[in-house]
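Listed here are the chains, written in short residue letters.
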Amino acid sequence: MVISKIAKYGKLVFLLGIFTTVACHTMTTAQTSNVTTVYQGSDEHFSNPERGFFMPFTPLDNTSNYSLQLSDLQEVRNNQMTLVRKVYVISEFRNKPLSESFLQTLSQDLNTARQAGVKLILRFAYNWVGGGEDSSRDRILSHLDDLQPILASNYDVIAYMEAGFIGYWGEWHSSYYGLDSNNEDRKAILFKLLSVLPSERMVALRYPNHKMAIFDQVNPLTPNEAFNGTNRGRTGATNDCFLASIDDWGTYSDTDRGIIEEEKAFLNLDNRYVVQGGETCNPSSFDDCPNALNELERMRWSALNYKPGDATDIIEDWETQGCLEEIKRRLGYRFRLVKSVIPTRVKPARTFSIQLEIINEGWASPYNPRPLEIILRHRVTRREYHLPIDEDPRMWMPGSTQVINAVTRTPDTIETGTYDVFLNLPDPAPQLYNRPDYSIRLANQNLWEASTGYNSLLTSLVVN
């Protein structure tokens, strides 16, 4: 009996100990408070990577290429643009491999873009001024092999590639060798392009019906196919005559409004997960602001050419009609932070939650990989701790609000003290990760820290 009573008493003490531990833990949790911060939006036009108007650098004739100059690209950057489209004319190589000097020019241009803080949209064509012959399928495939090492080592500053190579101006029409009308050839060249370009980047096709034919699929990409690295998931769209006629001069396969509507409906859904870029061609009755805004939003445009002072362009019309500033702001993604909920205190080696509410006010989402992280910066020592968040900004669709319930963990060795809290969307490439000009800025007032590329959450967190 005595032993039994002692055993029962010991069990009671043990259970009381468990209860006391649980109760203390509950009290600690109850004492940990959160702070909710609501942020003020901004209508300011500012640059962000891989989106917006781009400056075209096109060949002067059909026989020469010129190197990009750092001063020219810096001027582009100073004009709030982060994209440059560079067209390389390779007519002299129709019947031979690409020369070492040409490949050096390409490599040098990509390095110059990196120095200037811009990214390139690349196109290769065998003719430019006045059209002319392209090249054979086998020669194109061998040229892509020539390009592969440079594309692989410099993809960080390639926004995306336009399919190019085939036909006049690399626009996939009027091919001397009939490559534009032969689905087998179109497929072989597109698939080769996708194989030599690193999987992190996309290729943009001139005509939506070509994509349907090449992949034998009339349905657009589904959410399950989004950003999965397949050829179809990496094939986007480029429109070289936006709003120039009822069918954008052949972008759509027929002038019949029913067929045009079907292909636009395809792009509307397909472009949720791939890039849409292109350029204007000539003024028309379709280019006024109401229709332009509707088409840009519906097709989820990310990149559009900008040619100031060009009498044949419609940019000046948009400025006169009053929609140019909206187009500047909304091409591609535009993320605005609505509010955050952040704990005021946390211990080392502990998980904690942060809630973020972000709305995408742009016409598209990012088409290239983009990480998300919380940064804690010690107010005294300035030491930073980067805490990754498992979230893909490419899935933040236009017009939608994302509520992100992020769970992260403080490092075991984090020093105690007060930390300022930041949100960071850097470029994932190692060479660009610490470059502020390649980080995403939020459309809010007083959050952007230009020296680091961080977005302040205007709050602090104590580690003790």
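Structure report, in brief. Sequence order sets the numbering: in each chain, residues are counted from 1 along the sequence as written. Since the coordinates come from a predicted model, pLDDT governs what is reported: local features require at least 70, and pairs of side-chain atoms require 80 or more to be given and counted, while whole-chain, interface and lining totals use all residues. With hydrogens and water set aside, each side-chain value is computed from the structure's full complement of heavy atoms.

### Details of empty space enclosed by the protein
A water-sized probe, rolled over the atoms, reveals where empty space remains.
Okay, so step 1: Of the grid points, spaced at 1 Å and generated over the protein atoms alone, those admitting a 1.4 Å probe that cannot get out make up cavities, while open sets with protein on both sides within 12 Å along at least five of seven lines make up pockets; any residue with an atom within 4 Å of a point is treated as lining. Grid points are joined across faces, edges and corners, and a volume is the space filled by probe spheres set on the points. Counting across every chain of the model gives five cavities of 30 Å³ or more.
Okay, so step 2: In this structure, the largest cavity occupies an estimated 60 Å³ of space.
Okay, so step 3: Around the largest cavity sit Glu44, His45, Phe46, Asn48, Arg51, Lys328, Arg329, Tyr333, Arg334, Phe335 and Arg441, which together line it.
Okay, so step 4: Any residue outside Ala, Val, Leu, Ile, Met, Phe, Trp, Tyr, Cys, Pro, Asp, Glu, Lys and Arg is labelled polar, Gly included; the first ten of those are nonpolar and the last four are charged. Its residues assigned to classes, the lining of the largest cavity shows three nonpolar, two polar and six charged.

### Considering the packing of aromatic side chains
Okay, so step 1: Any two of the Phe, Tyr and Trp rings considered here, Trp counted by its six-membered ring, make a pair once their centres fall within 6.5 Å; the pair's planes then place it as stacked at under 30 degrees, edge-to-face at over 60, or tilted in between. In total, this model carries 17 aromatic pairs according to the counting rule given.
Okay, so step 2: Seen from their ring centres, tyrosine 333 and phenylalanine 335 are 5.2 Å apart, and the 25 degrees between their planes marks the pair as stacked. Pair check on accessibility: tyrosine 333 and phenylalanine 335 agree, each one buried.
Okay, so step 3: Ring pairs connect the aromatic residues Tyr88, Phe93, Phe102, Phe124, Tyr126 and Phe165, which therefore count as one cluster.
Okay, so step 4: Both a distance and an angle decide whether a charge sits over a ring: NZ of Lys or CZ of Arg must be within 6 Å of the ring centre and within 35 degrees of the ring normal. Seen from the ring of phenylalanine 227, arginine 394 lies directly overhead, with NZ or CZ sitting 4.3 Å from the centre.
Okay, so step 5: The ring of phenylalanine 46 has arginine 441 lying over it, and the distance from NZ or CZ to the ring centre is 4.3 Å. Three exposure classes are used, based on accessible area relative to the maximum for each residue type with a 1.4 Å probe and protein chains only: buried under 20%, partly exposed in between, and exposed over 50%.

### Description of helix H5 (residues 183-196)
Okay, so step 1: For H5, built from 14 residues, the straight-helix expectation of 20 Å at 1.5 Å per residue is met to within 8% by its first-to-last C-alpha distance of 20 Å.
Okay, so step 2: Among the residues of H5, Asp185, Arg186, Ala188, Ile189, Leu190, Leu193, Leu194 and Val196 are the ones counted as buried.
Okay, so step 3: Whether two residues are in contact is decided by their heavy atoms: any pair within 4.5 Å suffices. The numbering of helices and of strands both runs from the N terminus, where a helix is a DSSP run of H or I of at least 4 residues and a strand a run of E of at least 2. Those residues of H5 that are buried lie in contact with helix H4 (137-154), strand E5 (158-162), strand E6 (203-205), helix H6 (208-215) and strand E7 (235-242).
Okay, so step 4: For H5, the capping residue at the N-terminal end is asparagine 182, with a side-chain oxygen 2.9 Å from the backbone nitrogen of glutamate 184. Here the expected span of a helix is defined as 1.5 Å times the quantity of residues minus one. Nitrogen and oxygen atoms within 3.5 Å of one another constitute a polar contact, given that in protein one can donate a hydrogen and the other can accept it, and given that sequence-neighbouring residues count only through two side-chain atoms.

### Quick notes on the sheet that holds strand E4 (residues 119-125)
Okay, so step 1: At least two DSSP bridges between two strands are required for those strands to pair. The parallel closed barrel is built from eight strands, whose spatial order is E2-E3-E4-E5-E6-E7-E8-E9. Strand after strand, the sheet turns through a mean of 30 degrees between neighbouring axes, direction not considered.
Okay, so step 2: One ladder, built from three bridges, connects strand E2 (residues 52-57) with strand E9 (residues 303-305); its direction is parallel. The residue of E9 that forms the bridge with phenylalanine 54 is asparagine 305.
Okay, so step 3: Set on the sheet, helix H3 (residues 100-116) makes contact with strand E3 (83-89), E4 and E5; between it and E4 the angle comes to about 160 degrees. For every element, the axis is a line fit to its C-alpha atoms; helices are fit only across the contacting stretch, and the angle between N-to-C directions ranges from 0 to 180 degrees.

### Notes on the side chain of arginine 201
Okay, so step 1: Along the chain, arginine 201 falls in the loop between H5 and E6.
Okay, so step 2: Under this rule, positive means Lys or Arg and negative means Asp or Glu; His and the chain ends count for nothing. Should a side-chain nitrogen of Lys or Arg be within 4 Å of a carboxyl oxygen of Asp or Glu, the pair is scored as a salt bridge. Buried charge without a partner: arginine 201 forms no salt bridge, and the closest opposite charge is glutamate 50, 4.1 Å away.
Okay, so step 3: A polar contact of 2.5 Å, which involves the side chain of arginine 201, links it to the backbone oxygen of isoleucine 158.
Okay, so step 4: Discounting chain neighbours no more than four positions away, the residues touching arginine 201 are Glu50, Lys119, Tyr155, Asp156, Ile158, Ala159, Arg234, Asn368 and Pro369.

### Brief notes about the environment of tyrosine 306
Okay, so step 1: Relative to the elements of secondary structure, tyrosine 306 occurs in the loop between E9 and helix H9 (315-321).
Okay, so step 2: Under the relative-accessibility criterion, tyrosine 306 is labelled buried at 19%.
Okay, so step 3: Sequence-wise, tyrosine 306 and glycine 52 are 254 residues apart; in three dimensions their C-alpha atoms are separated by 9.4 Å.

### Things to note about the side chain of asparagine 239
Okay, so step 1: Within the element layout of this structure, asparagine 239 appears in strand E7.
Okay, so step 2: You can call asparagine 239 buried: its relative accessible area is 3%.
Okay, so step 3: Those residues in contact with asparagine 239 that sit more than four places away from it in its chain are Arg206, Asp248, Thr251, Tyr252, Gln276, Gly277, Gly278, Glu279 and Trp301.

### Topic: the nonpolar core
Okay, so step 1: Here, the term nonpolar core denotes a set of buried Ala, Val, Leu, Ile, Met, Phe, Trp, Tyr and Cys residues that are joined through side-chain atoms within 4.5 Å. One finds Phe124, Leu147 and Trp318 to be the most contacted residues of the largest nonpolar core, which totals 75 residues.
Okay, so step 2: For phenylalanine 124, the residues in contact, after removing those within four places along its chain, are Tyr88, Ile90, Phe102, Leu106, Leu147, Met161, Gly164, Phe165 and Gly170.
Okay, so step 3: Grouped together as the second largest cluster of nonpolar side chains are 30 residues, Ile389, Leu425, Leu442 and Leu461 included.

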